[in-house]
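Coordinate inspection notes
Each chain is listed here by its residues.
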Protein chains: 2
Amino acid sequence: MKKLINKPEDFVRESLVGMAVAHPDLIKVHFDPNFVYRSDAPMQGKVAIISGGGSGHEPMHTSFVGMGMLDAACPGEVFTSPTPDQMLEAAKTVDGGAGVLYIVKNYSGDVMNFEMATELARTVGIRVFNILIDDDVAVKDSLYTQGRRGVGTTVLAEKICGAAAERGYDLQQVMDLCRRVNLNGRSMGLALTSCTVPAKGTPTFTLGDNEMEMGIGIHGEPGRERMAQKSADEMTEMLALSIIEDSTYSRTVREWDEDGGEWVDVELIDQPFQRSDRVLAFVNSMGGTPISELYIVYRKLAEICQKQGIQIVRNLVGPYITSLEMQGCSITLLKLDDEMIRLWDAPVKTPSLRWGI
Amino acid sequence: MKKLINKPEDFVRESLVGMAVAHPDLIKVHFDPNFVYRSDAPMQGKVAIISGGGSGHEPMHTSFVGMGMLDAACPGEVFTSPTPDQMLEAAKTVDGGAGVLYIVKNYSGDVMNFEMATELARTVGIRVFNILIDDDVAVKDSLYTQGRRGVGTTVLAEKICGAAAERGYDLQQVMDLCRRVNLNGRSMGLALTSCTVPAKGTPTFTLGDNEMEMGIGIHGEPGRERMAQKSADEMTEMLALSIIEDSTYSRTVREWDEDGGEWVDVELIDQPFQRSDRVLAFVNSMGGTPISELYIVYRKLAEICQKQGIQIVRNLVGPYITSLEMQGCSITLLKLDDEMIRLWDAPVKTPSLRWGI
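These remarks concern the structure in this document. (Residues numbered from 1 in each chain as written. Chains lettered and ligands numbered in written order. Predicted model: local features only at pLDDT ≥ 70, side-chain atom pairs only at ≥ 80, totals over all residues. Heavy atoms only, no water.)

**Describing the interface of chain A and chain B**
As a reminder of what qualifies: Residues count as neighbours in contact if any of their non-hydrogen atoms are within 4.5 Å of one another. Each of two parts loses accessible area, computed with a 1.4 Å probe, when they are put together; buried area is these two losses added. Definition used for salt bridges: Asp or Glu carboxyl oxygen within 4 Å of a side-chain nitrogen of Lys or Arg. Polar contacts here mean pairs of N or O atoms no more than 3.5 Å apart (in protein, one a potential hydrogen donor and the other a potential acceptor; neighbouring residues in sequence count only if both atoms are side-chain atoms). For the purposes of this entry, the term helix denotes a DSSP run of H or I that reaches at least four residues, the term strand denotes a run of E that reaches at least two, and both are numbered from the N terminus. Only Asp, Glu, Lys and Arg are considered charged in this grouping, and only Ala, Val, Leu, Ile, Met, Phe, Trp, Tyr, Cys and Pro are considered nonpolar; every other residue, Gly among them, is considered polar.
Taken together, the contact pairs 56 residues of chain A with 56 residues of chain B. Counting each side, the surface lost to burial between chain A and chain B is near 4,500 Å², with a carbon and sulfur contribution of 60%. When the area that chain A buries against chain B is broken down by residue, the three leading residues are A:Lys2, A:Leu4 and A:Tyr295, summing to 21%. Linking chain A with chain B are two salt bridges. Residue A:Arg299 pairs with B:Glu14 through a salt bridge whose shortest N-O separation is 3.4 Å. Run the count over chain A and chain B and you get 32 residue pairs in polar contact (both at pLDDT 80 or more). Contributions of two or more residues to the side of chain A that touches chain B are made by helix H1 (11–22), helix H6 (232–244), helix H7 (291–307), strand E14 (328–335) and strand E16 (354–355) of chain A. When residues of the side of chain A that touches chain B are assigned to their parent elements, the largest contribution, nine residues, is made by H7(A). Its residues assigned to classes, the side of chain A that touches chain B comprises 26 nonpolar, 19 polar and eleven charged.

**Describing the side chain of A:Thr196**
Residues and elements named next belong to chain A. As a reminder, the rule being used: The rule is simple: take the accessible area with a 1.4 Å probe, protein chains only, and divide by the maximum for that residue type; under 20% is buried, over 50% is exposed, in between is partly exposed.
Examined against the element boundaries, Thr196 turns out to sit in the loop between strand E7 (185–191) and strand E8 (211–214). For Thr196, a relative accessible area of 10% translates into the label buried. Apart from the residues lying within four places of it in its own chain, the contact partners of Thr196 are Met1, Lys3, Gly201, Thr202, Pro203, Leu324 and Glu325.

**Observations regarding the sheet that holds strand E2 (residues 35–38) of chain B**
All names here are of chain B. The test is simple: Should DSSP find at least two bridges between two strands, the strands are regarded as paired. Each axis is a line fitted through C-alpha atoms, taken for helices only over the stretch in contact, and angles between the N-to-C directions span 0 to 180 degrees.
Pairing is mixed across the open sheet formed by six strands, whose spatial order is E1-E2-E4-E3-E5-E6. Single-partner strands in this sheet number two, and they are strand E1 (27–30) and strand E6 (128–133). Along the sheet, successive strands turn relative to each other by an average axial angle of 20 degrees, direction set aside. Across the sheet, helix H2 (residues 84–94) is in contact with E2, strand E3 (48–55), strand E4 (72–78) and strand E5 (100–105); its angle to E4 comes to roughly 160 degrees. Strands E3, E5 and E6 of the sheet are contacted by helix H5 (residues 171–184), whose axis makes an angle of about 10 degrees with E6.

**Observations concerning the pairing of strand E8 (residues 211–214) of chain B**
All names here are of chain B. Here strand E7 (residues 185–191) runs beside E8; their pairing, made up of two bridges, is antiparallel. Looking at E8, one finds that Ala191 is bridged to Glu213. As paired elements, E8 and strand E9 (residues 225–228) share four bridges and run antiparallel to each other. If you follow Glu213 over to E9, its bridge partner there is Arg226.

**Section: the relation of the copies chain A and chain B**
The cut-off we apply is this: Least squares is the method used to superpose the copies, on C-alpha atoms of residues holding a pLDDT of at least 70 in both.
Note on the identical chains: chain A maps onto chain B by a rotation of 180 degrees and an axial translation of 0.0 Å, with an RMSD of 0.0 Å. Such values leave the two copies arranged in the relation of a two-fold axis. Distance from the rotation axis, computed per C-alpha, reaches its smallest value in chain A at A:Gly288: 2.1 Å. Looking at the interface residues of chain A, 100% of them are also at the interface in chain B, so both copies use one shared face.

Structural data, given as structure tokens:
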């Protein structure tokens, strides 16, 4: 196993220790249960944004904790959902009295545990809502997911909602914004290689020397098709057109109804991209692909968007939501409005995303 | 070959096109000869900082062009020195009348071509000096190098000297500072896997399933020893102690003598680290190693430094000087003084390093 680790069972803890030692000005780490939180938490009167999920996708989420982004992140074991007690303790630690938004990627374990944490937090008087991210157009249902998986849009939602909370949006406003970001964002990824979970020690799946997996999930879940590796331009076109030509998508999600004190089903529908849309184009490395290759992809993506009349007004290029050392990339397009652009541009100061400060 | 590329011969050009399209607010790209330069160049009255070298080490150097860091970067083909005409045209484009510093990693091809470019630039009236970075303690001479190779300290020198130039240091001051940064910085790296140069299509070298190369060069040059893979803590200790316990190092470098109008030999000596030194600790991914593992290394490095009485006052953790998709890491320790700390903290705005703005 080609990794810089000690015992596999210490992987998450030791990585968190390293973060804590490296960034004491930005974050603190709580152990047992594990969560990373802003060193200046709780911020009185500010809505707190918390996310979390399995480890192995770094920098997401733990390295996105800090001013203008997350108040806390709950890392599970590698590719394993965090537990409700992590989420509850994180909420208790960072709630500044204005409530908490859990941003939840759509994987069954994450959804279940964040729902449980929402109920627990409410029993101790913390006002919590959760919003699902389900932006992966690759497949309808997947190995660990009913409905679409949550991928790249999560990073963008954390930045945009974090900025909104920093600017004084109330909980309902941040929640509405987060839902809108999710409905405006669509993603798809591909893998050229597998990755190896430390505790398992062998690759999650195998790909031939000239094979790739189109529509890969961030835990190595099967995508749309395994096929012969293509040129960067062809791969980019397959990802980009899958996103751009994706049709109207309707799903039912569970949201907490405060008045009724129970979960209710809400139908959410998002619309295809259209000519003249302004978008943020996010080209992401799955971990093992260097940034030089991401720019080759970005080049083709910009050309495709231009042909389609879609205007890229912001971008993000780099490894932000990864699958350990997997080689490959994903593309996310997020339709932007003026408000979202202002919030994207707002200052942020976290271990892995920083500008304006 | 597991890469997101089209034709191997188009790798560098297409990656540069992507950068230009993604970051028009920060950089422009000139083709034939190829160089990346600040979109607001030339800055009248400011010393211009130029670096360059083979491609394949991204984000270094091209993604470090921008406010507070490089004025231009000259990318060669992958792992191949850029040519003097690239360096000359870059100097002509960004010189604002206050002269140019070439920051040169110590590889024979780079050294020769930057020396030639220095002479050419001087014939057209541009005042140019070059400073070598030779910070790799792993081996005395190497495959492409007489003396120590230039590695991680290059990134730090580019940031610190870029900030100095931005603040109005004159050419002599920036040159003296760059030399001091080089003398204060020491590095060593290791590889868990090889990497594949696109034009070759097969790995540069091979490592067994349980092997690593201690003291690897950034082009895959042999290091000190090939050995069985060890735990992250043992690997970190080998790198850190090699750096900390490295003895006084003396070498002769060629510098341009302005009065005599010729190259002269200068002897430079740097001293070992000492207790109570304040350092910047830089844990770098060789490209394919995820940031979660870098934090495991950082954690142990911090512990070792503390034991040795060396105080880490700044750090940098991430992929900044890479070898394509190679898995592995390098450590750089840079002894800091107050001036260097102020310059490190100064605002920077480049595609891959950004803060304060």
